[in-house]
Amino acid sequence: MSTKQSIALVIGAAISALIMSSAFAAASPAPGVYKAPLNGYGQPDLEGTWTNATLTVLERPKEYGVRLVMTPEEVKKIEGDDAKMYAADAAPRDPKFKTTDLPHECGKGFSGAGCGYNFAWIDPGNNIMRVNGEPRTSFITDPADGRLPPAKPGVVVENPYLHYGENPENQTLAERCLSSFGYSAGPVMLPLLYNNNYEIAQSKDTVAIVVEMVHDVRIIRIGGKHRTDGVRPWMGDSIGWYDGASLVVETTNFPEATALHGAWKELKVTERFTRVAPRRILYRFKVEDPTVWDRPWSGEYEFSPSKGRIFEYACHEGNYALSGILAGMRADESAAERAKAAGANKTAAGPAAQGVGKKQ
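In this text, all values refer to a predicted model and were calculated from it rather than measured experimentally. (Residues numbered from 1 in each chain as written. Predicted model: local features only at pLDDT ≥ 70, side-chain atom pairs only at ≥ 80, totals over all residues. Heavy atoms only, no water.)

Okay, the overall build of the protein chain next. Per the secondary structure count, the protein chain includes three helices and 14 strands. For the protein chain, contacts bridging at least 24 residues in sequence account for 61% of all contacts bridging at least 6. Accessible surface computed for the protein chain: about 20,700 Å², of which carbon and sulfur atoms make up 58%. (Helix = DSSP H or I, 4+ residues; strand = E, 2+ residues; numbered from the N terminus. Contact = heavy atoms within 4.5 Å. Areas by Shrake-Rupley, 256 points an atom, 1.4 Å probe, with all protein chains shown as cover.)

What follows deals with the pairing of strand β1 (residues 48–51). Summarising the sheet, β1 and strand β7 (residues 197–202) pair through four bridges and their orientation is antiparallel. Its bridge partner lying in β7, Thr51 is registered against Asn197. In this structure, β1 lies alongside strand β14 (residues 297–305), joined through two bridges in antiparallel fashion. Across the sheet, the residue bridging to Thr51 is Ser304, located in β14. (Pairing = 2+ DSSP bridges.)

We now examine the packing of aromatic side chains. Think of a pair of aromatic rings as described by two things: how far the centres are apart, and how the planes are tilted against each other in angle. This model, assessed by the stated rule, comprises nine aromatic pairs. On the basis of an interplanar angle of 55° and a centroid distance of 5.1 Å, the ring pair of Phe273 and Tyr283 is categorised as tilted. Of the two residues, Phe273 sits in strand β12 (residues 268–277) while Tyr283 sits in strand β13 (residues 280–288), which places them ten residues apart along the sequence. Under the relative-accessibility criterion, Phe273 is labelled buried at 1%. Exposure remark for Tyr283: the relative accessible area of 0% places this residue in the buried category. (Phe/Tyr/Trp six-rings, centres within 6.5 Å; stacked < 30°, edge-to-face > 60°. Buried < 20%, exposed > 50% of the residue type's maximum accessible area, 1.4 Å probe, protein only.)

One pass over the structure, following the stated rule, counts 16 salt bridges. Between Glu74 and Arg67 there is a salt bridge; the shortest N-O distance is 2.8 Å. The exposure class of Arg67 is partly exposed, given its relative accessible area of 31%. Residues Arg130 and Glu79 are paired through a salt bridge, measuring 2.7 Å at the closest nitrogen-oxygen approach. You can see Arg130 sitting in strand β4 (residues 130–131) and its partner Glu79 sitting in helix α2 (residues 72–90), a full 51 residues away along the chain. A relative accessible area of 33% means that Arg130 is categorised as partly exposed. (Salt bridge = Lys/Arg side-chain N within 4 Å of Asp/Glu carboxyl O.)

Turning next to the state of the cysteines. Here a disulfide denotes a covalent bond joining the sulfur atom of one cysteine to the sulfur atom of another. Per the stated rule, a full pass over the model turns up one disulfide. Sulfur-sulfur distance for the disulfide between Cys177 and Cys315 comes to 1.8 Å. Between Cys177 and Cys315 the disulfide shows an S-S torsion of about -75°. By sign, it is left-handed. Of this pair, Cys177 sits in the loop between β6 (140–142) and β7 while Cys315 sits in the loop between β14 and α3 (321–355), and the two are 138 residues apart along the sequence. For Cys177, a relative accessible area of 15% gives the class buried. (Disulfide = S-S within 2.5 Å.)

Relative to the 27 Å expected for 19 residues at 1.5 Å per residue, α2 spans 27 Å between its end C-alpha atoms, a close match to the ideal helical length. Residues of α2 that are buried include every one of Val75, Glu79, Asp82, Met85, Tyr86 and Asp89, and no others. Looking down the long axis of α2, one finds its buried residues gathered within 110° of arc, a one-sided arrangement. Those residues of α2 that are exposed and angled more than 90 degrees off the buried face are Pro72, Glu73, Lys76, Lys77 and Lys84. (Expected span 1.5 Å × (residues − 1). Arc of directions from axis to C-beta.)

Here strand β9 (residues 216–222) shows a buried face lined by Asp216, Arg218, Ile220 and Ile222 and an unburied face lined by Val217, Ile219 and Arg221. In this structure, strand β8 (residues 206–211) lies alongside β9, joined through six bridges in antiparallel fashion. Across the sheet, residue Thr206 finds its bridge partner in β9, namely Arg221. Looking at chain direction, β9 and strand β10 (residues 237–243) are connected through three bridges and run parallel. Across the sheet, residue Ile220 finds its bridge partner in β10, namely Ser238.

Moving on to the nonpolar core. In this structure, Phe273, Val287, Trp297 and Phe303 are the most contacted members of the largest nonpolar core, which totals 40 residues. Of all the secondary-structure elements, those providing two or more residues to this core are β7, β8, β9, β11 (246–252), β12, β13 and β14. When residues of this core are assigned to their parent elements, the largest contribution, five residues, is made by β13. If we ignore the near neighbours within four places in the chain, the residues touching Phe273 are Leu46, Met189, Ile209, Ala245, Ser246, Leu247, Val249, Ile281, Leu282, Tyr283 and Phe303. Judged by nonpolar contacts, the second largest core, of twelve residues, contains Phe119, Cys177, Met213 and Tyr313. (Core = buried A, V, L, I, M, F, W, Y, C linked by side-chain atoms within 4.5 Å.)

The next thing to look at is the confidence of the model for the protein chain. Of all residues in the protein chain, 81% attain a pLDDT of 70 or more, and the chain-wide mean is 84. Below pLDDT 50 for its whole length, residues 1–23 participates in four contacts with residues either more than four positions away or in separate chains. Across residues 355–360, where pLDDT falls below 50, the model places zero contacts with residues more than four positions away in sequence or in other chains. (pLDDT = per-residue confidence, 0-100.)

This is the structure we're talking about:
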């Protein structure tokens with residue numbers, strides 16, 4: 001092999017290595033910028049209560065194109081509009097005011113009667129997410145447009161409300177208070193309208209993440225191996241390891257009931273938690289499922305300290321929504337049966353009615 005060929009191979013290998021590691025490139029802060037404290041086990045200390053509440057969303061609104069960072073003017077407008085909504089909602093109003101009279105959106109795509117609560121009961125976050133000080137247009141950073149890659153032809157994402165109201169088992173896990181709403185517990189862990197708080201606890205061989213929404217607890221086995229018994233826990237099967245200043249978590253074995261945008265059977269989510277400042281944890285994620293997407297997708301955001309500890313979460317106490325949904329479906333079924341019976345009676349009475357008055 002010639003000297004030129006050897007040099008070309010070395011350069012090619014180096015470029016390939018850079019490409020393969022691009023999803024988590026610069027996952028740790030530059031040396032000398034910040035040195036995360038260590039706990040009693042010599043691990044990067046991630047313990048505490050954190051929040052990911054924000055106005056930034058997973059997928060980038062199309063108007064931003066491939067632009068990852070907002071301008072100061074865009075930030076001012078979005079955060080200013082949010083402040084105006086809160087102020088308007090806090091203003092005195094007629095006691096007869098109804099949710100159907102709401103003139104504005106309450107965030108996350110909800111508006112009017114769809115809001116369900118006024119702003120006193122929700123906490124979606126009031127600020128654009130900053131990563132290393134940059135105000136972000138989306139959590140997703142790859143693909144470059146900040147949006148999910150197209151699903152493969154033939155992939156069908158089943159509507160979770162397809163059999164809505166038929167019986168309790170057809171309701172979503174969240175409505176049955178079995179797992180968190182949306183994808184709060186994850187992985188990927190995503191913020192919602194409220195309860196966007198997480199408590200991280202570490203031991204020598206385990207990391208536990210307490211999720212405020214529906215009091216989920218993610219258990220990450222440090223140095224463990226993925227289970228092979230066919231059991232698929234609600235939040236998947238998470239194993240982890242420490243890589244320098246970062247906790248790396250790999251999750252597989254998801255159940256269909258908690259599918260992520262249609263992916264579950266071959267879904268693998270890799271997360272990276274890095275303490276980049278006393279009050280900031282950089283959270284990076286990579287999502288792969290070759291049966292759903294032709295390519296992986298990835299993103300990042302930062303956790304910041306929560307205002308206080310997580311209190312006990314209660315889901316069904318005093319909740320009449322589920323019984324109301326099921327009662328509504330039973331009423332619809334009864335009405336359909338009555339209409340069917342009325343139609344059958346009309347059809348049966350038809351020939352007799354036509355024969356009345358006819359001469360024999």
